[in-house]
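Okay, here's what each chain looks like letter by letter:
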Amino acid sequence: MIYQVYIQSFADGNGDGVGDIEGLRSRIGYLSALGVDAIWITPWFDSPLRDAGYDVADYRAVHPRYGTVEEARQLIKECHAAGIRVILDIVPNHTSSEHPWFRAALQSSPGSVERSRYHFRAGRDGGESPPNDWLSVFGGPAWTRVDDHGRPGEWYLHLFDASQPDLNWDNQQVRAEFEDILRYWFDLGVDGFRIDVATALVKAPGLPDLGYPDGAFLADLTRPDHPHRDRDEVHDIYRDWRRLADSYDPPRMFAAEAWLDDADRLSRYVRPDELHTTLNLYYIKSAWTAESMRTAIDAAIAATAAVGAPTTWALSNHDVERVVTRYGRADTRRRPGVAGPQLGPVDEQLGRRRARAAALLTLALPGSVYIYQGDELGLADADIPAHARQDPIWTRSGGRRWGRDGARVPLPWTAHGPSYGFGDNGAWLPQPAEWGPHAATAQAGDDSSFLELYRAALRLRRTHPGLARANDLRWHDAPGDVLAFTHSPGFGCVVNFGSTPAPIPLAGRVLLATDTAVAEGLVAPHGAVWLDLEYIPS
Ligand code: NOJ
């Protein structure tokens, strides 16, 4: 189980309102008690933080607000002593516009070595229009024009914010630099990397137009043979990275962020000589219905099994609405970059019930599971007032899209206190007034809480033989709104997506249930149970 630490919102050790390494170190005990095998820490590198650190200015330095490289080294040591591996987040598609390479590129002339590390081009229409029609994933044109010697000059490509210029991976210096960065952190003891936008690094030669209709605003990432997504040549980079990871003892690992729908294309990233795992985004994208979840599970297993890689599962992350909020809506599918009231009302109570069932479903699946911080507390998205929003999606869309801040709010650790124990001095995003009962210490020891459900499930996931070795998921017949599957030896999971109690279609002893207030032999509405099938009722 890999726990995603969104560093600025996990725990604040120095009382400046922002999470940091010191805060994280002080909570290793919590992570151990939860049953975490590894943490993935979102970017902590030096950065102007225009996109929450996914805009890196120095890949070998820790941002001073999070701590120092020495503290990072200590954290890694302490995590290892607690049996927890540490995965960092590498951002190879783009740097920050404050990166020394980009600054040098701005100071240099068209055609210079400095500019060749990025995608600089002359504009069309005498320089006035962008070099092609590509759009940013955050909205608006993917090109920004620079000033050359006091006059409007070339344009540079940025698939995300203008503060995130795309690197040119045809440039050998770029390749060498990133291998060196990986080595730097591997040498420090880091166990692996999540690779940000792993599919985007290589662009089609000549940067051809995509052919957007007039008025298009958002990047369309769905076309086959896409000029800036999932190009075949990207795999050469990952083969090199794999050789590098394998040269360490123990070998280091990679997890690709690859939002690809095509199972065959996705599986290429996890071939035996490439990356180890890919984050499972089928699962995050699915609606909460028996049919869609089963389809997503089968697709994910098929995609990775075809190349012998393990499957991974995640219900949410820092880019999507939290599970409780998403599953409390009428339409439970994930919508990219969109959140908030524009998606309709949220029935939080329903969302909570479904999120508990989703926890048991997810933790019963074979492979590794990612848990986004705070989902184990059953947190919902917070309504962030317009003036406090920080996500570039909010600004780039001119306020049309709320962005991702609602899922990024600092965690509540204690029921009381100015920032619910997050730190001594407030929190960088406002926390909801009703968060006290959701705090970690308020839930600990309460068997009906989210936290204890997660803890119990994670304990069983390590100790029950059918779960610890789960790799032979078998579906069983069940009514339309119910999913039932088993692993050998002796483990069963039943999930009821419907709104009335459903008979449990497997015989066994209940190990864990989202809701115990139902008659024996039934699974609660919007609920789930785990069963020990070795138990034969008399
Ligand atoms: C994916 C990251 O998860 C997201 O937070 C970020 O904005 C983009 N990549 C750009 O780096």
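Residues numbered from 1 in each chain as written. Predicted model: local features only at pLDDT ≥ 70, side-chain atom pairs only at ≥ 80, totals over all residues. Heavy atoms only, no water.

Draft legend 1. Main features of the overall build of the chain. A tally of regular secondary structure across the chain gives 15 helices and 20 strands. For 538 residues, the compact-globule estimate of 2.2 N^0.38 gives 24 Å, and the C-alpha radius of gyration of the chain, at 23 Å, lies within 12% of that figure. In terms of principal-axis extent, the alpha carbons of the chain reach across some 85 × 50 × 50 Å. For the chain, the proportion of its 538 residues judged to be buried stands at 61%. Expressed as a percentage of contacts within the chain between residues at least 6 apart in sequence, the contacts between residues at least 24 apart total 66%. If you sum the accessible surface of the chain, you get close to 20,400 Å²; carbon and sulfur atoms cover 50% of it. Measuring between centres, the 54 positive side-chain charges of the chain sit 1 Å from its 72 negative side-chain charges. (Helix = DSSP H or I, 4+ residues; strand = E, 2+ residues; numbered from the N terminus. Rg over C-alpha atoms; globule rule 2.2 N^0.38 Å. Buried < 20%, exposed > 50% of the residue type's maximum accessible area, 1.4 Å probe, protein only. Contact = heavy atoms within 4.5 Å. Areas by Shrake-Rupley, 256 points an atom, 1.4 Å probe, with all protein chains shown as cover. Lys, Arg positive; Asp, Glu negative; His and termini not counted. Charge placed at Lys NZ, Arg CZ, Asp CG, Glu CD.)

Draft legend 2. The sheet that holds strand β18 (residues 509-513), seen in detail. Strand order in the open sheet formed by five strands is β14-β15-β16-β20-β18, with antiparallel pairing between adjacent strands. Every other strand in the sheet has two partners, leaving β14 (474-475) and β18 as the edge strands with one partner each. Here helix α9 (residues 290-305) sits on the sheet in contact with β14 and β15 (482-487), set at roughly 30° to β15. Across the face of the sheet, helix α14 (residues 450-463) comes into contact with β18 and β20 (527-532) while running at roughly 135° to β18. (Pairing = 2+ DSSP bridges. Axes fitted to C-alpha atoms, helices over the stretch in contact; angles between N-to-C directions.)

Draft legend 3. Quick peek at the sheet that holds strand β6 (residues 120-121). Strands sit in the order β6-β8-β7 across an open sheet of three strands; the sheet is antiparallel. Where the open sheet ends on each side, the last strands, each with one partner, are β6 and β7 (143-148). Judged from the two bridges that link them, β6 and strand β8 (residues 151-157) form a sheet pairing that is antiparallel. By the bridge assignment, Arg121 is partnered in β8 with Trp155.

Draft legend 4. Examining the site of the ligand more closely. The environment of the ligand is formed by Asp51, Tyr54, His94, Phe138, Phe160, Arg194, Asp196, Glu257, His318, Asp319, Arg404 and Arg408. His318 is positioned such that a nitrogen or oxygen atom in its side chain is 2.9 Å from an oxygen atom of the ligand. Compared with its free state, where it exposes 290 Å², the ligand has 98% of that area covered by protein. A breakdown of the residues in the shell around the ligand according to their chemical character gives three nonpolar, two polar and seven charged. (Near = heavy atom within 4 Å. Polar contact = N/O pair within 3.5 Å; in protein donor to acceptor, adjacent residues only side chain to side chain. Nonpolar A, V, L, I, M, F, W, Y, C, P; charged D, E, K, R; others polar.)

Draft legend 5. Just the nonpolar core, in detail. Ranked by size, the top nonpolar core spans 139 residues in total, and within it Tyr3, Ile39, Trp44, Trp185 and Trp530 carry the most contacts. Per element, the largest residue contribution to this core is eight residues, and it comes from α14. Of all hydrophobic cores here, the second largest spans 16 residues; its members include Ala142, Leu157, Ala200 and Tyr212. (Core = buried A, V, L, I, M, F, W, Y, C linked by side-chain atoms within 4.5 Å.)

Draft legend 6. Spatial organisation of helix α5 (residues 172-187). For α5, built from 16 residues, the straight-helix expectation of 22 Å at 1.5 Å per residue is met to within 8% by its first-to-last C-alpha distance of 22 Å. Of the positions making up α5, those classed as buried are Val174, Arg175, Glu177, Phe178, Glu179, Ile181, Leu182, Trp185 and Phe186. Two or three places before Gln173, at the opening of α5, Asn171 has a side-chain oxygen 2.7 Å from that residue's backbone nitrogen. (Expected span 1.5 Å × (residues − 1).)

Draft legend 7. Quick look at the packing of α5 against helix α6 (residues 234-246). Contact pair α5 / α6: the axes reach a minimum separation of 11 Å and the direction vectors enclose 30°. By the angle class used here, α5 and α6 are roughly parallel. The two elements α5 and α6 meet at a crossing, and its hand is right-handed. Taken together, the residues of α6 that come into contact with α5 (itself represented by Arg175, Phe178, Glu179, Leu182, Arg183 and Phe186) are Asp236, Ile237, Asp240, Trp241, Leu244 and Ala245. Across the contact of α5 with α6, the residue classes tally to seven nonpolar, no polar and five charged. (Parallel < 35°, antiparallel > 145°, perpendicular 65-115°, else oblique. Left-handed = near helix turned anticlockwise from the far one by under 90°.)

Draft legend 8. The arrangement of the packing of aromatic side chains in detail. According to the stated counting rule, one finds 27 aromatic pairs in the structure shown. Between the aromatic rings of Phe138 and Phe160, the centroid separation amounts to 5.2 Å while the plane-to-plane angle is 70°, which identifies the pairing as edge-to-face. Pair noted here: Phe138 is in the loop between β6 and β7 and Phe160 is in the loop between β8 and α5, with a separation of 22 residues, a long-range link. Consider the rings of Tyr238 and Trp241, whose centres lie 5.5 Å apart with planes at 75°: the pair is edge-to-face. Of this pair, Tyr238 and Trp241 both sit in helix α6, separated by three residues, roughly a single helical turn. Trp241 gets classed as buried once you look at its relative accessible area, which sits at 1%. (Phe/Tyr/Trp six-rings, centres within 6.5 Å; stacked < 30°, edge-to-face > 60°.)

Draft legend 9. Region of the structure containing helix α3 (residues 69-81). With 13 residues, α3 ought to run about 18 Å at 1.5 Å a step, and its terminal C-alpha atoms sit 18 Å apart, in line with that. Those residues of α3 not exposed but buried are Val69, Ala72, Leu75, Ile76 and Cys79. Each buried residue of α3 sits inside an arc of 110° when the element is viewed along its axis, so together they form one side. Structural note: α3 exposes Lys77 and Ala81 on the side pointing more than 90 degrees away from its buried face. After α3 finishes, the residue Gly83 shows a positive phi value of roughly 80°. (Arc of directions from axis to C-beta.)

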